[in-house]
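One letter stands for each residue in the lines below.
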Amino acid sequence: MAGAAEVAAAALLAVLGLTAALDNGLARTPPMGWLHWERFLCQTDCEREPRDCISEQLFMQMADRMASEGWKDVGYRFLCIDDCWMAPTRDKQGRLQPDPKRFPSGIKKLADYVHSKGLKLGIYADIGNRTCAGFPGSYGHYEQDAETFASWEVDLLKFDGCDFGTLEEMAEGYKKMSSALNKTGRSIVYSCEWPLYQRPFQKVNYTEIKQYCNYWRNYADISDAWSSIKYILDWTSSNQDVLIDIAGPGGWNDPDMLVIGNFGLSWDQQITQMAFWAIMAAPLMMSNDLRQISSKAKGLLQNKEVIAINQDPLGKQGYRITKDNTFELWERPLSEGAFAVAVLNRKEMGGPQAYVLATMIIGDGLACNPSCLIQQILPTRRDLGLHNWVSFLKLVVNPTGTVLLKIVVNKNLLFIGNGRLGYSKDLL
Ligand SMILES: *[C@@H]1O[C@H](CO)[C@@H](O)[C@H](O)[C@H]1NC(C)=O
Ligand SMILES: *[C@@H]1O[C@H](CO)[C@@H](O)[C@H](O)[C@H]1NC(C)=O
Ligand SMILES: *[C@@H]1O[C@H](CO)[C@@H](O)[C@H](O)[C@H]1NC(C)=O
């Protein structure tokens, strides 16, 4: 039974039009880390691919890099295992067990190692009878599996939806695993794929999903290709009215992994992914090879100003405000009245294109009222100086590239006289 305080809190949230998030105190900002899937897939043949197969060695090597090469320091904390870690069958007690050849020390030992590096361990399971790659599913074992993960001291669960049975079984399964995790008493971030599997058959009730999950995938897997990034941006902007209302501390839309540092994106396209994952308040889960990554890609993924936009404590997801034949303009409200702005050049022909940004359309005219400081964050850091609410700012954007700005409102500065600048105290 809900107490008076909870009823009052729920009523207040309803009045404010806010949605209650899963009450586990986690993911107050979008989770950051590394997930093996896009880069390492389901390679289980360690004889043929000793370096890249899904094994404890792979995760220990990534943990070493995350701790020693600045990743942890800028916020990438979760080292996450995806599908294909399991043995083909459960043990005699019905518990999930890792593949004995590839994880000879067991998951608890791996978690200890990951924790010793100041990182957290994520694991993967599936709602149905089989995972997507055909390993044992959690159907009929939700509580047992939650207890197993807690006993291994796992910190995050990605719960996939392959082989989900009926829509009712799926909804029940996601809810049951949520409460099973809660019952273990261990803080475990809960990543769902519920909307992805529900959407083809039913309207998704995000209010409900947010009550059970910390973040959730909305559509198919990302791939290492510009077409995939474009699809995600198009899908997100065409569904933004629903998506931006639901995102916030404790519950996030997940447009899937960062593929920066791999093979398929040009440099400008990598900048675009980083800029938009910050604008979209997306979980930042990299899927790349931290043992072998260019210093350029590393610099982009570790860019503290972009990460600060992604992790902004206000927790509002950004959205597209205009679009023409060439450009898309997106904004994200940040704390203290600031805004992040992204200008994407969608043209895939020609060279850099000029875009004139009218400051009066940012933040419904409030971002630069009466004046603002504008910083270019990507593709390179530049101070663009002081502007007012009727400024026009010329930006040059490469094909498939993005210019990311941060706009900080400046309440103290007034424009006086013939456009001369002065502090308000000068008027006293
Ligand atoms: C379990 O849920 C309760 C109530 O919703 C919450 O107060 C508690 O912190 C949760 N515990 C964990 C471990 O998530
Ligand atoms: C899993 O298999 C059992 C036994 O065959 C079946 O009753 C159940 O409906 C299946 N569950 C799902 C989610 O498909
Ligand atoms: C969505 O879920 C919420 C919370 O469970 C519920 O209150 C609401 O009625 C649902 N909305 C629809 C349209 O079913």
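- An unreviewed UniProt entry annotates the chain as Alpha-galactosidase originating from Pantherophis guttatus.
- Turning to the chain, the UniProt record has this under Subcellular location (unreviewed entry): "Lysosome".
- Recorded in UniProt under Subunit (unreviewed entry), the annotation for the chain is "Homodimer."

Here's the deal with the overall build of the chain
Then, in step 1: Within the chain one finds 14 helices and 18 strands.
Then, in step 2: Viewed in the frame of its principal axes, the chain has a C-alpha envelope of about 85 × 55 × 40 Å.
Then, in step 3: Nonlocal contacts in the chain, meaning residues at least 24 apart in sequence, comprise 71% of its contacts between residues at least 6 apart.
Then, in step 4: Accessible surface for the chain amounts to roughly 18500 Å². Of this, 52% is attributable to carbon and sulfur atoms.

Focus: the nonpolar core
Then, in step 1: Residues Y76, W85, L157, Y190 and W277 are the most contacted members of the largest nonpolar core, which totals 113 residues.
Then, in step 2: The dominant element in this core, judged by the number of residues it contributes, is helix α12 (residues 267–279), at seven residues.
Then, in step 3: Of the residues that make up this core, three or more belong to each of domain 1 (32–311) and domain 2 (319–409).
Then, in step 4: If we ignore the near neighbours within four places in the chain, the residues touching Y76 are M32, G33, M66, W71, L119, L258, M274, L284, M286, L301 and I307.
Then, in step 5: Counting 19 residues, the second-largest nonpolar core is a separate cluster that includes V341, L357, A367 and C368.

Observations regarding the site of ligand 3
Then, in step 1: Around ligand 3, the neighbouring residues are N205, E208 and Q211.
Then, in step 2: N205 places a polar side-chain atom, nitrogen or oxygen, 2.4 Å from an oxygen atom of ligand 3.
Then, in step 3: Burial of ligand 3 by the protein amounts to 32% of the accessible area it has alone, namely 360 Å².

A short note on helix α6 (residues 142–151)
Then, in step 1: Listed in full, the buried residues belonging to α6 are Y142, D145, A146, T148, F149 and A150.
Then, in step 2: In this structure, the buried residues of α6 make contact with β3 (120–126), β4 (156–160) and α7 (167–184).
Then, in step 3: Following α6 by one or two positions, E153 adopts a phi angle in the positive range, close to 65°.

Observations concerning the state of the cysteines
Then, in step 1: For the coordinates displayed, the defined rule picks out five disulfides.
Then, in step 2: Covalently, C42 is tied to C84 through a disulfide, its sulfur atoms 1.9 Å apart. Across the S-S bond linking C42 and C84, the dihedral sits near -110°, which makes this disulfide left-handed. Placement of the pair is C42 in the loop between α2 (37–40) and α3 (56–68) and C84 in the loop between β2 (78–80) and α5 (107–116), with a sequence separation of 42 residues.
Then, in step 3: Note that C192 is cross-linked by a disulfide to C213, the S-S spacing being 2.0 Å. What sets the handedness of the C192 and C213 disulfide is the S-S torsion sign, and at about -90° it is left-handed. Note that C192 is positioned in strand β5 (residues 189–192) and C213 in the loop between α9 (206–212) and β6 (215–217), a separation of 21 residues in sequence. C213 carries the same exposure label as C192, and that label is buried.
Then, in step 4: Here the bonded cysteines of the chain are numbered in sequence order, and their pairing is 1-4, 2-3, 5-6, 7-8, 9-10.
Then, in step 5: No disulfide involves C80; its nearest neighbouring cysteine sulfur is the one of C192, lying 14 Å away.

Observations concerning the environment of E208
Then, in step 1: Within the element layout of this structure, E208 appears in helix α9.
Then, in step 2: Between the C-alpha atom of E208 and that of A171, which follows or precedes it by 37 residues, the distance is 9.8 Å.
Then, in step 3: Contact partners of E208, with chain neighbours within four places excluded, come to K175 and W194.
Then, in step 4: At a separation of 2.9 Å, a polar atom in the side chain of E208 contacts the side chain of K175.

A closer look at the pairing of β3
Then, in step 1: Within β3, six of the seven residues are buried, which leaves the element mostly enclosed by the surrounding structure.
Then, in step 2: Relative to β3, β2 runs parallel, the two sharing three bridges. Bridge pairing links F78 to K120 in β3.
Then, in step 3: What joins β2 to β3 is α5, and the crossover it makes is right-handed.
Then, in step 4: Inspection of the sheet shows β3 paired to β4 by five bridges, in the parallel sense. Bridge pairing links G122 to L156 in β4.
Then, in step 5: Following the chain from β3 across α6 to the adjacent parallel β4, one finds a crossover that is right-handed.

The rules behind the values
Residue positions within a chain follow its written sequence, with the count starting from 1. Key to labels: chains lettered from A, ligands numbered from 1, both in the order written. Per-residue local features are limited, in this predicted model, to residues with pLDDT of at least 70; the limit for side-chain atom pairs, both in listing and counting, is 80 or more; totals at the level of whole chains, interfaces and linings are taken over all residues. To get the side-chain values, all heavy atoms of the structure are used, and hydrogens and water are removed first. UniProt positions are given in the numbering used here, feature names are shortened, and annotations may be inferred rather than shown by experiment. Only DSSP runs of H or I reaching four residues or more are called helices, and only runs of E reaching two or more are called strands; each is numbered from the N terminus. Contact criterion: two residues are considered in contact whenever any of their non-hydrogen atoms come within 4.5 Å of each other. To be clear on the numbers: accessible area is Shrake-Rupley with a 1.4 Å probe, and residue cover counts the displayed protein chains and nothing else. We call a set of buried residues a nonpolar core when its members are Ala, Val, Leu, Ile, Met, Phe, Trp, Tyr or Cys and they connect through side-chain atoms within 4.5 Å of each other. In this scheme, a residue with accessible area under 20% of its type's maximum is buried, one over 50% is exposed, and one in between is partly exposed, where area comes from a 1.4 Å probe on protein chains only. Note that the domain bounds were set by an automatic or database domain assignment. We call a residue near a molecule or strand as soon as one heavy atom of that residue lies within 4 Å of the molecule or strand. Side-chain atoms alone can form a polar contact between residues adjacent in sequence; in general such a contact is a pair of N or O atoms within 3.5 Å, and within protein one must be able to donate a hydrogen while the other accepts it. Here, the term disulfide refers to a pair of cysteine sulfur atoms separated by no more than 2.5 Å. Any two strands with at least two DSSP bridges between them are considered paired. When the strands point away from the viewer and the path from the first strand over the helix to the second turns clockwise, the crossover is right-handed.

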